[in-house]
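# Structural description and commentary
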Amino acid sequence: MLNLFAPLLDDLGTARIDLSPGRYGLLCACDGGLLEVSGLNAPVGALCKVAHGAAEPLTAEVIGFRNGRTLMMLLGDTVMLRPGARVRAEGRPGMLPVGEAFLGRAVDGEGKPIDGAGPVHARQAWPAGGVRTTALDRSPVRQTFDTGVRALNALTTFGIGQRIGIMAGSGVGKSVLLNMIASGADADVVVVGLIGERAREVSDFVERHMTAERRERTVVVAVPADHAPNLRLRGALLATSLAEQFRSQGRSVLLILDSLTRVAHAAREIALLLGEPGAARGYPPSALATITKLVERAGNSAESGGSITGIYTVLADGDNQDDPVVDTARSILDGHVVLSRDLAQRGQYPAIDIAASLSRVMADIVPEGHAELARQFRALTASYEANRDLVLMGAYRTGADPQLDRAIAMHQPLTAFLCQNARSVIDLPSSVAALEELLADAR
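In this text the structure is predicted, and so the values were computed from the model without any measurement.

Parameters at a glance
- Residues numbered from 1 in each chain as written.
- Predicted model: local features only at pLDDT ≥ 70, side-chain atom pairs only at ≥ 80, totals over all residues.
- Heavy atoms only, no water.
- Axes fitted to C-alpha atoms, helices over the stretch in contact; angles between N-to-C directions.
- Helix = DSSP H or I, 4+ residues; strand = E, 2+ residues; numbered from the N terminus.
- Parallel < 35°, antiparallel > 145°, perpendicular 65-115°, else oblique.
- Left-handed = near helix turned anticlockwise from the far one by under 90°.
- Contact = heavy atoms within 4.5 Å.
- 1 Å grid on protein atoms, 1.4 Å probe; cavity = no way out; pocket = protein on both sides within 12 Å on 5 of 7 lines; lining within 4 Å.
- Points joined across faces, edges and corners; volume = space filled by probe spheres on them.
- Nonpolar A, V, L, I, M, F, W, Y, C, P; charged D, E, K, R; others polar.
- Disulfide = S-S within 2.5 Å.
- Buried < 20%, exposed > 50% of the residue type's maximum accessible area, 1.4 Å probe, protein only.

Let's shift gears to the packing of helix H6 (residues 260–273) against helix H7 (residues 285–296). Describing two packed helices takes the angle between their axes plus the distance from one axis to the other. It is the contact of H6 with H7, at a shortest axis distance of 8 Å, that shows an interaxial angle of 135°. In terms of orientation, H6 and H7 fall into the oblique class. As H6 runs across H7, the sense of the crossing is right-handed. Within the contact between the two elements, H6 uses Leu260, Val263, Ala264, Ala267, Arg268 and Ala271 and H7 uses Ser286, Ala287, Thr290, Ile291, Leu294 and Val295.

So this is what it looks like as structure tokens:
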């Protein structure tokens, strides 16, 4: 019986007793989710409790200060707030809970469990903004990363420690491709951040991936779209901090963040609330800078020998590949996979546009023969897609272009190579062997 209380007793034994005088502020204003508190000097990033009668206190986060007042944003709804409510600071500002206790658990942006399996007894903390290192601490990408997806393994080979973006419009299959990668990827720890997505996707992901032996190496941080923007942003920071802490132990970590666009949306809401002007199509500079800061925290660590392979989905609003978030992510990532709505409508899944997709480290981590076969495949598919309308109308005359003739003859096998059942896993050696067999006559 005492074993049930052992984690709680351990937490009490390691807790620090704060004997300093208790300080509190008073709620002065609430405007569009922005709280103004007087009399409380709390740093940016600190969590505070807002008492409102006999009900459970609400949690707010400090996001700035102005004219002697502290600016806060609730991690929930503003219902039942009233003027003069007492606000107290708590916890360690700028620190997030991390550690082994999160393995096998699904938590929200505050690190609180949502899986009904009891509290998470985390005894370690990590800076929310990460541990800043020099550029030379990031060792180069030299080993291949097996995704379990044939098209990605063979044609846009990923590396351990690489940062990749999956870019597409809504409903094209980003989440399905993420599920395939999460199922087939080889990593010591998998950290999944589901930020700003549908609550149904969260339950589906947990049911599919938090089973059997995979559960013990997986952490899910989920903050659905109906939550406050600062909680969504905090969820992305928590997922990245968990990955960093596991990397510091020398582990190989797969960090999946779905989606980077929703994180930018949350940062935009906070920035606009603070009065920052919109610059690039309504995105303040700080919102786009948030993307860069998150992505740069992934990669290989020369000090610990660990790695974070980051896979980020990027929602292209209106299928616009020149959207500021898409353009910013593409410029900072080490590669991108573009999903095409046209291919999805033809029934090709995953709908990967190979000609538009790129892995910037592939040439450094695969043999020259493999890279040459991938280039041939790309050339064939690009040639066919560029002349697709002419071929379908019958306006193309056979023999005018030998490359196009071969692309037309091989169109069905090439398309079949790109398709894969969502429940199947094809490892890297098998993917390369299939590519060699497909293009054997090119040698």
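Here the narrative resumes.
What follows deals with empty space enclosed by the protein. Across all of its chains, the model carries one cavity of 30 Å³ or more by this definition. Approximately 40 Å³ is the volume attributed to the largest cavity. In terms of lining residues, the largest cavity is bounded by Ala182, Val190, Val192, Phe205, His209, Arg214, Arg217 and Thr218. Elements with a minimum of two residues in the lining of the largest cavity: strand S13 (189–195) and helix H4 (199–209). For the lining of the largest cavity, a count of residues per class yields four nonpolar, two polar and two charged.

This part takes up the state of the cysteines. Scanning the model with the defined rule gives zero disulfides in all. Take Cys48: it sits in no disulfide, and the sulfur closest to it among the cysteines is that of Cys28, at 14 Å. Classification of Cys48 as buried rests on a relative accessible area of 0%.

Going from Asp258 to Ser259, the amide bond is cis rather than trans, its omega being 5°. Note that Ser259 resides in the loop between strand S15 (252–258) and H6. For the bond from Tyr349 to Pro350, the omega torsion is -5°, close enough to zero to count as cis. Counting through the fold element by element, Pro350 comes out in the loop between helix H9 (341–345) and strand S19 (358–359). With a phi angle near 55°, Asn67 is a residue other than glycine that sits in the positive phi range. Relative to the elements of secondary structure, Asn67 occurs in the loop between strand S4 (58–66) and strand S5 (69–74). Here Asn67 falls in the exposed class, since its relative accessible area comes to 76%.

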